[in-house]
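Listed below, chain by chain, are the residues.
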Amino acid sequence: MRLKSNSNINGRLWGWDPPLKSSYDAVIIGGGLHGLATAYFLARHHGMSRVAVIEKRYIGFGGSGRNTAIVRANQRTQENLPLYKEALEMWPVLTRELDFNLMFYNCGNLNLAHSEAALKAMRLQVASAQIYGIQSQLVDPEQCKTLIPALDISDRPRYPIYGGMYHPPGGIVRHDAVVWGLAKGAARKGIHIHQGTEVTGIGVKNQKIVSVETDKGKINTSRVLNAAGGYSAALSYQMLGIRLPISVLTIQAMVTQPLKPLLNHVVSSGAYHCYANQTLKGEIATGAHMDPWPNYTNQSTARYIKHQAEAVTEFLPCLKGVKFMRIWGGLADMTPDMAPIIYGNDPIKGYYIDCGWGYFGFKSCLVTGKYMAKFMADGTCPNILKPFTLRRFEQHRLMGETAAVVNYSPDN
Amino acid sequence: MAFTITCPVCGIRRGYEFRFGGEDKGPMPPEESLASETWCEYVHMNNCIAGIQKEWWFHRDGCGSWFTIYRDTTTNQQVENR
């Protein structure tokens with residue numbers, strides 16, 4: 001799946017195909033949302049436009065275009081909450097700044113609890129969010145029903161609804177629009193986006209980055225960002241011998257045929273391993289299951305289609321008989337503590353990493369790009385990113401973010 | 001194609017009967033004077049090879065054996081032991 005470099009998608013978005021220069025101030029590996037956002041902010045905030053984004057396939061091919069487009073800020077830990085709060089506030093700002101409709105729809109998220117224990121865990125999560133000024137509240141089953149009349153709050157489902165956590169400022173964003181908006185915005189500021197270009201090696205001399213080799217030629221640079229998503233850990237190990245605490249799993253999602261509006265909030269359930277929202281086209285987008293062994297297949301599986309149909313119709317019985325139209329998979333780079341790795345200049349000066357996002361990469365892309373750009377521009381890690389150091393694993397300081405989500409990984 | 005794994009005891013079985021047990025990282029490092037970095041390397045760090053890797057599996061819904069296989073992570077196909 002390679003695009004020719006003169007593909008007209010470039011023409012429509014940013015007007016020309018830049019030549020691959022022999023030297024850039026920074027090279028970003030991965031034309032996904034994190035890479036594009038970092039490039040955009042390098043140019044916008046730090047005056048660095050001699051920057052190349054190297055993408056093996058085409059922009060947004062990976063997780064950026066495969067996620068379920070849900071955004072929210074009700075994470076669990078004090079390290080993660082400020083980051084996601086700022087991330088959520090950036091959507092309307094960037095819509096104006098990029099002059100590109102990102103279709104941010106802040107419909108709110110309702111997370112269902114199906115036991116007393118789940119409700120207790122939510123109580124902590126709600127309190128943590130409120131300390132950081134993030135709107136989040138507990139709701140009882142009747143309030144859940146008021147929010148989403150289609151919910152079955154009776155005792156019929158195998159796991160009846162005990163209550164929920166309602167997070168009004170969250171919602172959905174059109175993920176492709178974010179890819180296109182950022183690419184267009186970055187290109188307008190002089191960033192070179194090279195699609196269909198594969199990184200084949202990274203040159204290091206005296207523990208410093210000196211170059212990036214691609215199949216289109218060698219680039220001299222002193223800074224490289226690994227933002228290769230699902231491939232970031234493989235790339236780090238193969239090209240630099242730096243191993244990362246990551247397992248790559250294929251996560252699956254699907255959409256139904258379009259329906260009249262019935263679901264005006266994002267609804268999710270940890271017990272059913274399921275979340276669903278209705279897109280602006282009327283489809284119910286729902287995910288997300290992972291086969292719990294590492295792979296790079298992007299495959300969808302029959303087992304999951306059955307699971308998803310059973311799960312979503314348990315708490316939304318009105319969807320029985322509705323047909324699925326499309327199913328797809330994407331790669332999720334999972335860390336043991338469900339928090340990302342954002343790090344740089346160690347053990348190689350000029351080597352920066354932004355990966356390990358698991359299933360949080362979409363909602364965090366803008367804010368991480370903003371701070372990663374600062375990190376790369378002046379070489380010192382901004383305070384907000386410091387907790388996400390790669391060194392936390394050997395220091396036994398893993399974060400408690402696992403409790404915030406469905407806990408899938410090959411480790412459990 | 002369906003994902004299958006060959007158990008040394010039970011033969012070819014459906015992949016869902018098994019639980020993944022991690023990349024093969026060799027023997028556990030000795031506990032005596034074990035450095036935190038060495039333990040972290042062993043417990044957390046992965047090669048994440050996109051291709052053929054040696055890895056552990058556990059026949060959870062079967063005989064209970066732990067064993068290693070070679071599998072191509074880009075296709076989910078088990079390959080001949082080498």
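All values reported here derive from a predicted model rather than from experimental measurement.

Bringing the overall build of chain B into the picture now. Helix and strand content of chain B: 1 helix and 6 strands. Taking as baseline every contact in chain B between residues at least 6 positions apart, the subset at least 24 positions apart corresponds to 49%.

All names here are of chain A. Among the 5 residues in strand S6 (residues 163–167), 5 count as buried, and that is most of the element. Both faces of S6 are covered, namely the face carrying Gly163, Met165 and His167 and the face carrying Gly164 and Tyr166. Judged from the 5 bridges that link them, strand S4 (residues 109–113) and S6 form a sheet pairing that is antiparallel. Looking at the pairing, asparagine 109 lines up with histidine 167 of S6. Two strands pair when backbone bridges link them, and strand S5 (residues 137–139) and S6 are joined in this way by 3 bridges, in the antiparallel orientation. Looking at the pairing, valine 139 lines up with glycine 164 of S6.

Looking now at the domain arrangement of chain A. Residue and element names in this part refer to chain A. The assigned domain composition of chain A is domain 1 (8–65 + 176–245 + 337–404) and domain 2 (109–168 + 247–334). Placing a centre on the C-alpha atoms of domain 1 and another on those of domain 2 gives a separation of 30 Å. Each side of the interface is counted separately: domain 1 has 13 residues, and domain 2 has 11 residues. For the side of domain 1 that touches domain 2, the per-class residue count stands at 6 nonpolar, 7 polar and no charged.

It is worth spelling out the nonpolar core at this point. Within the largest apolar cluster, 130 residues are counted, with the highest numbers of intra-cluster contacts made by Ile28 and Leu36 of chain A. Residue assignment places this core across two domains, with domain 1 (8–65 + 176–245 + 337–404) and domain 2 (109–168 + 247–334) of chain A each supplying three or more. Those residues in contact with leucine 36 of chain A that lie beyond four places of it in its chain are Gly31, Val53, Ile59, Val179, Leu182, Ala183 and Ala186 of chain A. Core analysis: the next-biggest nonpolar cluster, separate from the first, contains 6 residues, Ile5, Cys7, Phe20 and Trp57 of chain B among them.

With that settled, consider helix H4 (residues 116–131) of chain A. Residue and element names in this part refer to chain A. Here H4 is 16 residues long and its end C-alpha atoms lie 23 Å apart, about the 22 Å a rise of 1.5 Å per residue gives. Within the span of H4, buried status applies to Ala118, Met122, Gln125, Val126, Ser128 and Ala129. For H4, the arc enclosing every buried residue in end-on projection is 160°, short of the 170-degree limit, so these residues lie on one face. For H4, the exposed residues lying more than 90 degrees away from the buried face are Glu116, Ala117, Lys120, Ala127 and Ile131.

Residues and elements named next belong to chain A. Ordered in space as S8-S2-S1-S12-S19-S18, the 6 strands form an open sheet in which the pairing is mixed. What marks the edges here is a single partner per strand, and that holds for strand S8 (192–194) and strand S18 (341–344). Mean inter-strand twist for the sheet, computed between neighbouring axes without regard to direction, equals 15°. Relative to strand S2 (residues 51–54), strand S1 (residues 26–29) runs parallel, the two sharing 4 bridges. Across the sheet, residue isoleucine 28 finds its bridge partner in S2, namely valine 53. Helix H2 (residues 33–46) contacts S1, S2, strand S12 (224–226) and strand S19 (351–355) of the sheet and is inclined by roughly 170° relative to S2. Each of S1, S12, S18 and S19 is contacted by helix H9 (residues 365–378), which is oriented at about 170° to S19, the strand it contacts most.

Turning our attention to the environment of leucine 244 of chain A. Residue position: leucine 244 of chain A is located in the loop between helix H7 (232–240) and strand S13 (247–256). Separated by 111 residues in sequence, leucine 244 of chain A and cysteine 355 of chain A have C-alpha atoms that sit 9.4 Å apart. Those residues within four positions of leucine 244 of chain A in sequence are excluded, and the remaining contacts are Ala233, Ser236, Ile341, Cys355 and Gly356 of chain A together with Met45 of chain B.

About the criteria used
Residues numbered from 1 in each chain as written. Chains lettered and ligands numbered in written order. Predicted model: local features only at pLDDT ≥ 70, side-chain atom pairs only at ≥ 80, totals over all residues. Helix = DSSP H or I, 4+ residues; strand = E, 2+ residues; numbered from the N terminus. Contact = placed C-beta atoms within 7 Å. Buried ≥ 20, exposed ≤ 12 C-beta atoms within 10 Å, placed from the backbone. Pairing = 2+ DSSP bridges. Domains from an automatic or database assignment. Nonpolar A, V, L, I, M, F, W, Y, C, P; charged D, E, K, R; others polar. Core = buried A, V, L, I, M, F, W, Y, C linked by C-beta atoms within 7 Å. Expected span 1.5 Å × (residues − 1). Arc of directions from axis to C-beta. Axes fitted to C-alpha atoms, helices over the stretch in contact; angles between N-to-C directions.

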